[in-house]
Amino acid sequence: MLQELFDSGKCDEIINYFSNNKPVTQNDYSLLALSYYNLNKKNKAIGILREMLRKYPNNPDALFNLSIIYYQLKNWNKVKEFGERYFNLDSNSWEINDILSDLYVFEGNFEKALRHMELALKNVPENLFGELKIKFQMLKEKVQTAAKKPKLAFICAAGLDNFINDIIEGLSDDYWVRKFAVKTDKEIYEAIDWADIVWFEWANEVAIIGTNYPGIVGKKVIVRLHRYEAFSDFIERIKWSVVDKLILVAGSMKDVLEIYHKEKYSEFKNKIEIVYNGVKIDKFEFKERKPGFNVALVAHLHTRKNIMLALQIIDALVKINQKFKLHIAGDFQDPVLELYLKYMVKEMGLENNVIFYGWVDDMDEWWEDKNYLLSTSIHEGHPYNIMEAMARGIKPIIHNFYGARELYRNEMLFNTIEEAVSRITDSNYYSSEYREYVVNRKWDLVSQINLIKKIVNSLFLDNNNNISFIQDFKNYIEEISPFLKGDRFSNAFAFNYNKDEPLIYRLEYLRLLVKGKKVIHIGFADHKKLIEKKISNNTWLHKILVDSADVCVGIDIDRDAVEYVKSVIGIQDVYCCDITQEIPEAILNNKWDYIILGEVIEHVDNPVYFLKHISDNFKRIANKIVITAPNALKYLNFVSVKENKEVINSDHRYWFTPYTLMKVAVQAGIKIEDIIMAESYLSDNKSLDDILSKYPLFRDNIILIGNL
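The structure reproduced in this document is the subject of the present report. (Residues numbered from 1 in each chain as written. Predicted model: local features only at pLDDT ≥ 70, side-chain atom pairs only at ≥ 80, totals over all residues. Heavy atoms only, no water.)

Okay, the overall build of the chain next. Scanning the chain from terminus to terminus reveals 33 helices and 19 strands. For the chain, the C-alpha atoms occupy an extent of roughly 95 × 65 × 55 Å along the three principal directions. Out of the 708 residues in the chain, the part that is buried amounts to 53%. Partitioning the intrachain contacts of the chain with sequence separation of at least 6 by distance along the chain shows that 72% fall at a separation of at least 24. Summing over all exposed atoms, the chain offers an accessible surface of approximately 32900 Å²; the carbon and sulfur share of this is 49%. If you average the places of the 91 positive and of the 100 negative side-chain charges in the chain, the two averages end up 1 Å apart. (Helix = DSSP H or I, 4+ residues; strand = E, 2+ residues; numbered from the N terminus. Buried < 20%, exposed > 50% of the residue type's maximum accessible area, 1.4 Å probe, protein only. Contact = heavy atoms within 4.5 Å. Areas by Shrake-Rupley, 256 points an atom, 1.4 Å probe, with all protein chains shown as cover. Lys, Arg positive; Asp, Glu negative; His and termini not counted. Charge placed at Lys NZ, Arg CZ, Asp CG, Glu CD.)

Another aspect to go through is the packing of helix 6 (residues 76-89) against helix 7 (residues 94-107). Across the interface, helix 6 lies against helix 7 with an axial gap of 10 Å and an inter-helix angle of 140°. Between helix 6 and helix 7, the crossing angle belongs to the class labelled oblique. By crossing handedness, the relation of helix 6 to helix 7 is classed as left-handed. Facing helix 6, whose interface residues are W76, V79, K80, G83, E84, Y86 and F87, helix 7 presents I96, N97, I99, L100, D102, L103, Y104, F106 and E107. (Axes fitted to C-alpha atoms, helices over the stretch in contact; angles between N-to-C directions. Parallel < 35°, antiparallel > 145°, perpendicular 65-115°, else oblique. Left-handed = near helix turned anticlockwise from the far one by under 90°.)

Quick look at the side chain of N204 now. Note on placement: N204 falls in the loop between strand 3 (197-201) and helix 12 (205-211). Judged by its relative accessible area of 1%, N204 falls in the buried class. Excluding residues that lie within four positions of it along the chain, N204 makes contacts with L160, Y228, E229 and F234.

One open sheet holds the six strands; their spatial order is 2-1-3-4-5-6, and the pairing between them is parallel. Because the sheet does not close on itself, it has two edges, and the strands there are strand 2 (176-182) and strand 6 (272-274). Strand-to-strand twist in this sheet, taken as the mean axis angle between neighbours without regard to direction, amounts to 20°. As defined by bridge partners, strand 1 (residues 151-157) adjoins strand 2 across seven bridges and the pair is classed as parallel. For C156, the partnering residue across the bridge sits in strand 2 and is A181. Together, strand 4 (220-225), strand 5 (245-248) and strand 6 form the strand contacts of helix 14 (residues 252-260), whose direction differs from that of strand 5 by roughly 120°. (Pairing = 2+ DSSP bridges.)

Here the focus is the nonpolar core. Grouped together as the largest cluster of nonpolar side chains are 104 residues, with contacts concentrated most on F154, I155, L171, F200, L225, L246 and L257. Setting aside its immediate chain neighbours within four residues, F200 contacts I155, I192, V206, A207, G210, T211, I216, V221, I222, V223 and R224. (Core = buried A, V, L, I, M, F, W, Y, C linked by side-chain atoms within 4.5 Å.)

Turning our eyes to something else, we now look at the packing of aromatic side chains. This structure, assessed with the given rule, holds 33 aromatic pairs. An angle of 50° between the planes, with centres 4.6 Å apart, marks the rings of W240 and F268 as tilted. Remark: F268 occurs in helix 15 (residues 262-268) and W240 occurs in the loop between helix 13 (234-237) and strand 5; sequence separation between them is 28 residues. Judged on exposure class, the residue W240 and its partner F268 are both buried. Ring centres of F332 and F356 lie 5.6 Å apart, and the angle between their planes is 45°; on these two criteria the pair is classed as tilted. Of this pair, F332 sits in the loop between strand 8 (325-329) and helix 17 (335-347) while F356 sits in strand 9 (residues 354-358), and the two are 24 residues apart along the sequence. What links up through ring pairs into an aromatic cluster is the set F163, W202, Y228, F234 and Y384. (Phe/Tyr/Trp six-rings, centres within 6.5 Å; stacked < 30°, edge-to-face > 60°.)

At their nearest, the axes of helix 5 (residues 60-72) and helix 6 sit 8 Å apart, and the two run at 150° to each other. Looking at the two axes, helix 5 sits roughly antiparallel to helix 6. Read as a crossing pair, helix 5 and helix 6 show a hand that is left-handed. Within the contact between the two elements, helix 5 uses P60, L63, F64, L66, S67, Y70 and Y71 and helix 6 uses W76, K78, V79, F82, G83, R85, Y86 and L89. Per-class residue counts for the contact of helix 5 with helix 6 are eleven nonpolar, two polar and two charged. (Nonpolar A, V, L, I, M, F, W, Y, C, P; charged D, E, K, R; others polar.)

The element strand 18 (residues 671-678) is largely enclosed, with a buried count of seven among its eight residues. Examined bridge by bridge, strand 18 and strand 19 (residues 701-707) share seven bridges and lie antiparallel to one another. Paired with I672 across the two strands is G706, which belongs to strand 19.

Regular strands have side chains that alternate between both faces of the sheet. In terms of residue burial, strand 17 (residues 622-630) counts as a mostly covered element, since eight of its nine residues are buried. Here seven bridges tie strand 17 to strand 19, and the two strands are oriented antiparallel to one another. Bridging across to strand 19, P630 finds its partner in N701.

Take the environment of P658 next. Mapping P658 onto the fold places it in helix 32 (residues 658-667). It is 52 Å that separates the C-alpha atoms of P658 and F401, two residues lying 257 residues apart in sequence. Among all residues touching P658, those that are not within four sequence positions of it are F495, N631, L633, I675, M677, L697 and I702.

Purely spatial values, then, with no claim about function.
Dropping the structure here:
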């Protein structure tokens, strides 16, 4: 009877039947779970299938269906758990092998991905063979491409990999990324041995073991600290001398580290980068919401989450209106806490107003009817649950933990039960503002990934602060030097920019290049009327250099702009002079690491004459020169050409390509050390980023580094 109902699509009737009759057989459980699934109630389906596994361990139907559902939810950790268990029972299932292949592609374990895809092809139905064959060919091409990229290993303890999956996905276009969820010291060592770049997710025992492993010397190393590690002795035991960057998820964690690790702090304080967590904004369906009675709390339930305060708040709300309910999604980490909270719910008479859901897999379904997000934690780093709720348009009610004011506006915070109740019961409710707040704070995944890419790219600055993705490129410059010097000639010379490098951004590259250095910035002023606007956008190069360098002086021929920078902007170390005629004594009497010539050369009437004067006059006091110029080959120029237009700064005299800029520099007596293609600014256009990553000569800017 039940099977007939299911075959007829009468899933509601099956669910209604089992509301009065407990499932008994394996088929009962399967029909009930699939009925919920067909009605898009995935949480219910998962719950039934898990209950089925408890009663019938290793039931193949339960394992198969859980693998499918978690695959659709892109919960890779659960796909691995249940997919591998099913594979151990039936290694010939083409569907499971196809899923496991995708899983291992995501984890960067291409050997396993290929093996599972081969098994899938052996068993796939004939009508699907062609489609899967194409997928197999694309996988082999992906493997070949990845082999040319720097290897980035994400290493974390097994079970602590929940926060890195989105980052892995975001970095996989630029690096061969592998995830290592480790259980033994040997697995940590093997992951380090494989990698060029090592990312320790959590500053915990794994980071301690890894940073003290001799094989890590010479690797690029990142440690990301979330929160709890800062209150432990892990910080004292990590070998910070091998760590290049320490990523924190909130600025307040920097204060915590300084408070609790005063002596150790000096070893890593200059390595700290703040990267707030990011969420996939588009993943969360926004809708206009309004005041109501459903209060949500989402957390792993332990004492730090301060759930008793939430019970006190809901108790006060129920006294105002019996309709208020507290919905708690999360698993208990402590059985004592579970015993206590459920006891208190009963003692406080809140059985009808507090609902414990346990772990929830499909949060989209769960959030649907919620009006408020309540956070009662006594401390957080940068919590995802608040961002996810706000992205959906849900009003946040946040306990004022240490560091909360760095993250949230005052009207989102509360100190007392009374304040929380007041914020929930007042009429102020602005769904669109909550979502816009997340966007404006750049707590989206794209912004997080772009910032991480910049940090990872910075690791490839060598000891001379030059980018060094492929050392062979410098040898190539030597090979073509006879053409640059004019000793050899070709009327169809092909310059090959044979670097496989990630997307680089000009301003960020220059900031990192001059960090802690002594710098002369020639042509620093830019256009006077644009300076304040660029400062507000953090795109005025001179201020970026001043903030990063140990010493940075500016030289410009525009007297009005120089006086403006001194009197209005407040930067005093600037000079007005023509460097082809004079150089200030304060500059001549010092030694300098770099001369920066940023977007100047294209404004000069005679570039060779101009650069030769710099080379002759500065080579006794400066080591290197950095010249940047707009790229004639940039992608947007080709877009304009399709419209029969040339878009250009009207003050420019020249367009440069990498070869012609090197030619001019060599003719002026500058020895070329490197050429880098860089983009101007971060973009939200992934399609364009993909093009620029694959074809660096399409990027906006040329950066030339030379020796004087």
